[in-house]
Amino acid sequence: MFAGGFPGSGKTALLWEAALRLTAQGLRVGLITNDPSSGALLAHSGLRVEEVDGNGFGGNFNGLTAAVGRLRAEIAADVILVEPSGRSADLSATVIQPLKQLYGRKLPLGPLSVLADPVRLNGMLRGGTSGLHPGMAYIFRKQLEESDIILVTRTDAMAPEALRQLIVQTRAAYHSCVMAVSPSSGDGIDGWLQEAMMRHECGTRIAAVDYDAYARGNAAVSRLDGMVRLRGKTPSDWDLFTRLLLAKLRQGFEEQACPVEHVKILVENGDSFVAGSLTDSVSGTLSFRGSAGMGDCAKLTVGACVETPPGALSRIVRETLDAAFAHHSHEAETDRWECLPSECPAPACRFDKVVKMPVLLKGLRMAGPAEN
């Protein structure tokens, strides 16, 4: 089952919570992600996680199918949850239709769900861009247009009537099933899973995508993937360190007027971890999960999607990290540091018509059921 959506919409948190609920039902769950920082966090769920390299599943379709094959063969996965890149669109035409054509009954697929932050969603419904680069706003609209289910997320602070109106307006605009979920509180997740498991159709719509506009949207954003090992002379409070570091990163991007799509930090201290997330420039929301406790060594993973050239993104993050390391007397060793412009996926194939799935046998659930 695919759970797509714009960077910062809560995909990773939703899949974490969904996986826990499914395993509690006795199902074997595998996870596939296109984001190294998401993969590092999801690995702490205790479940098998596969990372697919490349800028989108459409561009590395063989990598996706190979990952599905490993999860089915090695852990006999009953359910496979898939997290595409937040800058991915056209998934129905370039990924889901080919999967249906190639695998039919062998790989029953759940619906394509797209997560949407209510602030951005409201802006789109009013014909605006919600503060996004026009090209990125184009990608977000296409994600909504091709969805089977739209999941309105981060609804905890919304008044019930405002949420009800937003759901009604979204249904009218995009003709999708629209539901509310909160990955932080868990509200709505069971209902979403039940809806997804009952559906026998997926990829029911193909959006008309202008790949030049799609490319312009991706070109506006740079992405960073880094991993640094830290060692201190005295034990550090890694939870406090992570909170202060993420706040400093937010400040740095605000001072440089660089719109943030998403920044993720994961600090691992042995088997313990703390994950921090900065979500977009509209809300500037910081959220945290877990606790890494005290220690003198840690592994820090950082991922970012920001509207600025790669050199500027790398410099802001590197300078902020170096200042934090120096302040806390940490020695740092960089294992990985890659900062590149986002690229528009070049799909291996693209379908212009919806592939009809055969009626699935009762009891088969979502994507990737184990074959008996």
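Before reading further, recall that the structure is shown in the block above.
Residues numbered from 1 in each chain as written. Predicted model: local features only at pLDDT ≥ 70, side-chain atom pairs only at ≥ 80, totals over all residues. Heavy atoms only, no water.

Participant: How do you make sense of the pairing of strand S3 (residues 48-51) when you look at a structure like this?
Facilitator: The two faces of the sheet receive side chains in turn, since in a regular strand these alternate between them. Strand direction decides the pairing type here: strand S2 (residues 29-33) and S3, joined by 4 bridges, are parallel. Pairing of Thr33 across the sheet is with Glu51, part of S3. (Pairing = 2+ DSSP bridges. Helix = DSSP H or I, 4+ residues; strand = E, 2+ residues; numbered from the N terminus.)

Participant: What exactly am I supposed to notice about the state of the cysteines here?
Facilitator: Put plainly, a disulfide is one covalent bond tying together the sulfur atoms of two cysteines. Across all of its chains, the model carries 0 disulfides by this definition. Free cysteine: Cys258, not disulfide-bonded; nearest cysteine sulfur from Cys339 at 11 Å. (Disulfide = S-S within 2.5 Å.)

Participant: Sorry, what's going on with the pairing of strand S8 (residues 222-237) here?
Facilitator: Bridge count for S8 against strand S12 (residues 294-306) is 12 bridges, and the pairing is antiparallel. Within S12, the residue paired with Gly226 across the bridge is Val302. In the sheet, S8 pairs with strand S13 (residues 330-341) via 11 bridges, with the strands oriented antiparallel. When the sheet's bridge partners are listed, Arg223 is paired in S13 with Leu340.

Participant: I keep staring at helix H7 (residues 160-174) and nothing clicks. Help me out?
Facilitator: Owing to its 3.6 residues per turn, the α-helix aligns residues three or four sequence positions apart on the same side. Its 15 residues give H7 an end-to-end C-alpha distance of 21 Å, which sits within 8% of 21 Å, the value for a rise of 1.5 Å per residue. Along its buried surface, H7 packs onto helix H5 (118-125), helix H6 (134-145), strand S6 (149-152) and strand S7 (177-180). Phi for His175, located one or two positions after H7, is positive at around 55°. (Expected span 1.5 Å × (residues − 1). Contact = heavy atoms within 4.5 Å.)

Participant: Please clarify how the environment of Leu27 should be interpreted in this entry.
Facilitator: Mapped onto the secondary structure, Leu27 falls in the loop between helix H1 (11-24) and S2. Along the sequence, Leu27 and Asp78 sit 51 residues apart, while their C-alpha atoms lie 5.9 Å from each other.

Participant: Could you clarify how one ought to interpret the packing of helix H3 (residues 61-74) against helix H4 (residues 91-103) in this entry?
Facilitator: Packed helices, taken two at a time, are described by the angle between their axes plus the distance between the axes. For the pair H3 and H4, interaxial distance at closest approach is 11 Å and the crossing angle is 55°. One finds that H3 runs oblique with respect to H4. Crossing of H3 against H4: the hand is right-handed. Within the contact between the two elements, H3 uses Phe61, Leu64 and Thr65 and H4 uses Thr94, Val95, Pro98, Leu99, Leu102 and Tyr103. For the contact of H3 with H4, the class distribution of residues is 7 nonpolar, 2 polar and no charged. (Axes fitted to C-alpha atoms, helices over the stretch in contact; angles between N-to-C directions. Parallel < 35°, antiparallel > 145°, perpendicular 65-115°, else oblique. Left-handed = near helix turned anticlockwise from the far one by under 90°. Nonpolar A, V, L, I, M, F, W, Y, C, P; charged D, E, K, R; others polar.)

Participant: Can you help me understand H4 in this one?
Facilitator: Extensive coverage of H4 is indicated by the burial of 10 of its 13 residues. Buried residues of H4: Leu91, Ser92, Ala93, Thr94, Val95, Ile96, Gln97, Pro98, Leu99 and Lys100, and no others. For H4, the secondary structure elements touched by its buried residues are H3 and helix H9 (211-219). Just beyond H4, the residue with positive phi is Gly104, at close to 50°. (Buried < 20%, exposed > 50% of the residue type's maximum accessible area, 1.4 Å probe, protein only.)

Participant: Help me understand the packing of aromatic side chains, please; the structure alone is not making it clear to me.
Facilitator: Two aromatic rings are characterised by how far apart their centres lie and by the angle between their planes. In the structure shown here, the tally under the stated rule is 6 aromatic pairs. Both rings, one in Phe241 and one in Phe325, keep their centres 6.4 Å apart while their planes meet at 15°; by these two values the pair is stacked. Placement of Phe241 in helix H10 (residues 238-255) and of Phe325 in helix H11 (residues 310-327) is noted, with a sequence separation of 84 residues between them. Take Phe241 and Phe325: they sit in the same class, and that class is buried. Joined through ring pairs, the aromatic side chains of Trp238, Phe241 and Phe325 make up one cluster. In this structure, Arg243 is placed above the aromatic ring of Phe288, and the distance from its NZ or CZ to the ring centre is 4.2 Å. Cation over ring: Arg318 sits above Trp337, and NZ or CZ is 4.5 Å from the ring centre. (Phe/Tyr/Trp six-rings, centres within 6.5 Å; stacked < 30°, edge-to-face > 60°. Lys NZ or Arg CZ within 6 Å of the ring centre and 35° of its normal.)

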